[in-house]
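What follows is each chain in one-letter form.
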Amino acid sequence: MKSSLFKKTLSLMLALSMFSMSALALELDTSVDEEIRKHYNPSQIEKDLLPPLPKTEVTTPKTTSTPTSSQSSQTPLPPKNLPAIEQTNKKAPRRIENLPGQEKSKFSREGITAIKIKKGTKFKVKSLTAISDSTPVNSTMSFKTQESITQRYVTIPAGTIFKATIEDSHPPQMTGNGGLIVINVDRLVFRGTTRKVEAKITKANGKKIFVNNIKGKHQYWKGVANSTKPGAKFYKKSMRGTVKLAQNPWTLILTPFTAVAGVLVYGVNIVGSPVFAIFAKGGRISIPAGTDFEIKLLEDVYLD
């Protein structure tokens, strides 16, 4: 009981002291502060004694300003022409090079920078070289065009030169086989440049030519007819002898022999003429310069 009473008394005393503290506040004399301010500068004392406050950067919105003359002189100007960007995927157009002595390729695709002379084009020409069936193989001959040929973007003028090579030749042979000349037209001279071509002779002196082969006249059957001439000649002589023997009564008895001999020889000659004609030869070939020919292109020709 005594302890509880003591605690209550102590608590009451503490509460009363708390409420009475405001009444015990002292009144301070501020005149001393005013005297200090008259003789000293408080702000200067704060600057000298207190450490400086940290500086904080204040971001301000950027304003666009026109460059001065000095700035514009230092600032590099943008290039007038942008550098070209290489395009690796773009293909450059192909160009055909027709150099002398090189084999011509066949081109019919887009991007070709050459002028085309279509295959099948025909040229009327005259030969400038005399040839025959005894002309050596690999000999050359020339032709000159007689008319201008106009196609798209190009005109082949009259006087253009074609050149050819003799691929094969032989004189007349047995069995009535005539002479042979095989001409291969393989070059065209256009504006001073020789180009490879593939062409053939289609006409020679107004006659059609097949596969470039100019052949002499085949004379087998003529040989057969010629081989019967000796038998026919003997038959005629025997018949004339028979007539003379018949005019004389003493020789009339011999007429059957001469007649039979003539008929027999003539018959054997006719039967054997196909065999005899094997040894006969055909006609020869001789083509002088200035002969008319016709040349036909077998493949397209490309000109720069």
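Residues numbered from 1 in each chain as written. Predicted model: local features only at pLDDT ≥ 70, side-chain atom pairs only at ≥ 80, totals over all residues. Heavy atoms only, no water.

Examining a nonpolar patch on the surface
1) Next: Taken together, the side chains of M174, V275, F276, I278 and F279 define a hydrophobic patch exposed on the protein surface, amounting to about 500 Å² of accessible area.
2) Next: As for its placement among the helices and strands, F279 is situated in the loop between α7 (255–276) and β12 (286–287). (Patch = residues over 30% accessible without salt bridge, like charges linked within 9 Å, V, L, I, M, F, W, Y side chains within 5 Å. Areas by Shrake-Rupley, 256 points an atom, 1.4 Å probe, with all protein chains shown as cover. Salt bridge = Lys/Arg side-chain N within 4 Å of Asp/Glu carboxyl O. Helix = DSSP H or I, 4+ residues; strand = E, 2+ residues; numbered from the N terminus.)

Overview of helix α6 (residues 229–247)
1) Next: Taking 1.5 Å as the rise per residue, α6 with 19 residues should run 27 Å; its terminal C-alpha atoms sit 28 Å apart, in good agreement.
2) Next: Of the residues making up α6, those classed as buried are G231, A232, S238, T242 and L245. Buried residues in α6, looked at end-on, bunch into an arc of 145°, giving them a common side. Exposed and facing more than 90 degrees away from the buried side of α6 are K229, P230, K233, K236, R240, K244 and Q247.
3) Next: Check the buried side of α6 and you find it contacts α7. (Expected span 1.5 Å × (residues − 1). Buried < 20%, exposed > 50% of the residue type's maximum accessible area, 1.4 Å probe, protein only. Arc of directions from axis to C-beta. Contact = heavy atoms within 4.5 Å.)

A closer look at the packing of α6 against α7
1) Next: Where α6 meets α7, the axes come as close as 8 Å, and the angle between the chain directions of the two elements is 170°. Here α6 lies roughly antiparallel to α7, going by the angle between them. Contact residues: α6 offers K229, P230, G231, A232, F234, Y235, S238, M239, T242, L245 and A246, while α7 offers T255, T258, A259, A261, G262, V263, V265, Y266 and N269.
2) Next: Partitioning the contact of α6 with α7 into residue classes produces 12 nonpolar, seven polar and one charged. (Axes fitted to C-alpha atoms, helices over the stretch in contact; angles between N-to-C directions. Parallel < 35°, antiparallel > 145°, perpendicular 65-115°, else oblique. Nonpolar A, V, L, I, M, F, W, Y, C, P; charged D, E, K, R; others polar.)

Some details on the nonpolar core
1) Next: Grouped together as the largest cluster of nonpolar side chains are 30 residues, with contacts concentrated most on F143, I183 and I214.
2) Next: Taken together, the elements giving at least two residues each to this core come down to β2 (122–127), β4 (140–145), β6 (154–156), β7 (161–170), β8 (180–190), β9 (193–204), β13 (292–297) and β14 (301–303).
3) Next: At five residues, the largest contribution of residues to this core is made by β8.
4) Next: When neighbours within four sequence positions are excluded, F143 is seen to be in contact with V125, K126, S127, L128, T160, I161, F162, A164, I183, I201, F293 and I295. (Core = buried A, V, L, I, M, F, W, Y, C linked by side-chain atoms within 4.5 Å.)

So, the packing of aromatic side chains
1) Next: Enumeration according to the criterion identifies three aromatic pairs in this entry.
2) Next: Taking 5.1 Å as the distance between ring centres and 55° as the angle between the ring planes, the aromatic pair formed by F123 and F162 counts as tilted. Of this pair, F123 sits in strand β2 while F162 sits in strand β7, and the two are 39 residues apart along the sequence.
3) Next: Assessed through its relative accessible area of 2%, F123 is described here as buried.
4) Next: Where Y235 meets Y266, the ring centres are 5.5 Å apart and the plane angle is 25°; that geometry is what we call stacked. One end of the pair, Y235, is in helix α6; the other, Y266, is in helix α7, with 31 residues separating them in the sequence. (Phe/Tyr/Trp six-rings, centres within 6.5 Å; stacked < 30°, edge-to-face > 60°.)

As for α7
1) Next: With 22 residues, α7 ought to run about 32 Å at 1.5 Å a step, and its terminal C-alpha atoms sit 30 Å apart, in line with that.
2) Next: Within the span of α7, buried status applies to T255, G262, N269, G272 and S273.
3) Next: In this structure, the buried side of α7 is in contact with α5 (220–227) and α6.

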